[in-house]
Amino acid sequence: MRFLRSSDAIILAILAVAMIFIGLVNPAFWQMSNLFSLLKENVVIGIMALGVLLVMISGGIDVSFTAFAVAGMYLVVRSMVALDYNGLVLPFASAIIIGGLLGLMNAGIIHKFKMIPLIVTLGTASVVRGLVLGLVGTSNVNINKMPEALVNFGKTDLFVLERANGSTYGLTAMIVIYLGLAVALHLVLKHTMIGRSVYAYGADPEAAKRVGFSTGKTMIFVYVTAGALAGFAGLLHSSMIWLANPRDFVGLELDVIAAVVLGGASIFGGRGTVLGTVLGVFILVMIQNSLILMGIDTTWQRVVVGAMLVAAVTVTALRDRRALV
């Protein structure tokens, strides 16, 4: 009964109503091939959103995660090509480490100099993107040069179905990785001291410090985890589309932040759940998918996403204001 009164239940109800409405307007939405494609589109955005959720719960805003994703992805793929390396564990570990170290840079600057996270992450995003393009290169690594192990990994399906015309489509196995990471983060946030410290810090940093939480360790955990998830998501994205583009993910920050806010996370910190974020990502991707099915121009899709973000921020701000009264 407690769940039915939660914001997650409200978001789930909105999702169900939206799916029914979209299905009535465009029955093609319910085709299995479209639903499988919808789930696949959730994976990369969803993994990035888990990191952004952590930052938002802690009271910050991070816009550097897409740059960190590009750094992890492009540096690793270019290195694999140069060294003719064709493994999986080392590349993904490297992408995670690259993202985590860049996240540690964010944490250090924000904590040491007491700076506004949005300003710091704007700066680090620009620096990292510039360094990748300036020092590593600007050319794409296309499928003919992509490491075979990455391509095969990205093509892995849980199961495959056949259309009437003989062509096939499948449900990507990457959805299991995404949901596994979501469950792991949920358990950390709900059942560990470091998870509780993130909520405490986001609600009131001074109070969190007074009750014994280490604000420095909390910041390191938040931004290193967000960076590591971004690095992992970047390389996973590359393996799924069989391409490494150093200019990728430009503008994706808005989509990911919108999804997290749609999922009920507060821009003021101290609130947010993994389930809400997963649902928020699904709602955002579903609406974008539906606009594509209806032939809506990309420009108007950006208008819809922007409007959704403003509306979600307004609702969460009003909710948080009532909670303080």
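Every value quoted in this text rests on a predicted model; they were computed, and no experiment measured them.

Trainee: Looking at this structure, how should I read the overall build of the protein?
Mentor: Helices and strands together make up the secondary structure of the protein, namely 13 helices and 2 strands. Its C-alpha atoms give the protein a radius of gyration of 20 Å, within 12% of the compact-globule value 20 Å for 325 residues. Oriented by its inertia axes, the alpha-carbon framework of the protein measures out at about 65 × 50 × 35 Å. A total of 325 residues make up the protein; the buried ones form 49% of that total. Considering only contacts within the protein whose residues lie at least 6 apart along the sequence, 76% involve residues at least 24 apart. Carbon and sulfur atoms make up 69% of the accessible area of the protein, which totals about 15,400 Å². For the protein, the distance from the average site of its 21 positive side-chain charges to the average site of its 14 negative ones is 10 Å.

Trainee: It is not clear to me how the pairing of strand β2 (residues 168-172) should be interpreted in this structure. Could you clarify?
Mentor: Walk down a regular strand and you will see the side chains alternate between the two sheet faces. Where strand β1 (residues 157-162) lies against β2, 5 bridges are found, and the strand directions are antiparallel. Across the sheet, Val 160 pairs through a bridge with Gly 170, a residue of β2. If you look at the hairpin formed by β1 and β2, you'll find 5 residues sitting between the two strands, and Gly 166 has a positive phi there, around 100 degrees.

Trainee: Would you take a moment to explain a nonpolar patch on the surface for this structure?
Mentor: A grouping of Phe 21, Val 25, Leu 293, Met 294, Ile 296, Trp 300 and Val 303 is seen on the molecular surface, where their side chains present a nonpolar patch of about 680 Å² in accessible area. Those elements giving two or more residues to the nonpolar patch turn out to be α1 (7-25) and α13 (298-324). Structurally, Val 25 is set in helix α1.

Trainee: When you look at the layout of surface pockets in this model, what are you seeing that I'm missing?
Mentor: Roughly 570 Å³ of volume is contained in the largest pocket. For the largest pocket, the lining is made up of 21 residues, of which Glu 41, Ile 45, His 237, Leu 252 and Gln 288 are closest to its centre. Take the lining of the largest pocket: its biggest share by element is 5 residues, from helix α2 (residues 32-57). Split by residue class, the lining of the largest pocket holds 9 nonpolar, 7 polar and 5 charged.

Quick notes on the rules
- Residues numbered from 1 in each chain as written.
- Predicted model: local features only at pLDDT ≥ 70, side-chain atom pairs only at ≥ 80, totals over all residues.
- Heavy atoms only, no water.
- Helix = DSSP H or I, 4+ residues; strand = E, 2+ residues; numbered from the N terminus.
- Rg over C-alpha atoms; globule rule 2.2 N^0.38 Å.
- Buried < 20%, exposed > 50% of the residue type's maximum accessible area, 1.4 Å probe, protein only.
- Contact = heavy atoms within 4.5 Å.
- Areas by Shrake-Rupley, 256 points an atom, 1.4 Å probe, with all protein chains shown as cover.
- Lys, Arg positive; Asp, Glu negative; His and termini not counted.
- Charge placed at Lys NZ, Arg CZ, Asp CG, Glu CD.
- Pairing = 2+ DSSP bridges.
- Patch = residues over 30% accessible without salt bridge, like charges linked within 9 Å, V, L, I, M, F, W, Y side chains within 5 Å.
- Salt bridge = Lys/Arg side-chain N within 4 Å of Asp/Glu carboxyl O.
- 1 Å grid on protein atoms, 1.4 Å probe; cavity = no way out; pocket = protein on both sides within 12 Å on 5 of 7 lines; lining within 4 Å.
- Points joined across faces, edges and corners; volume = space filled by probe spheres on them.
- Nonpolar A, V, L, I, M, F, W, Y, C, P; charged D, E, K, R; others polar.

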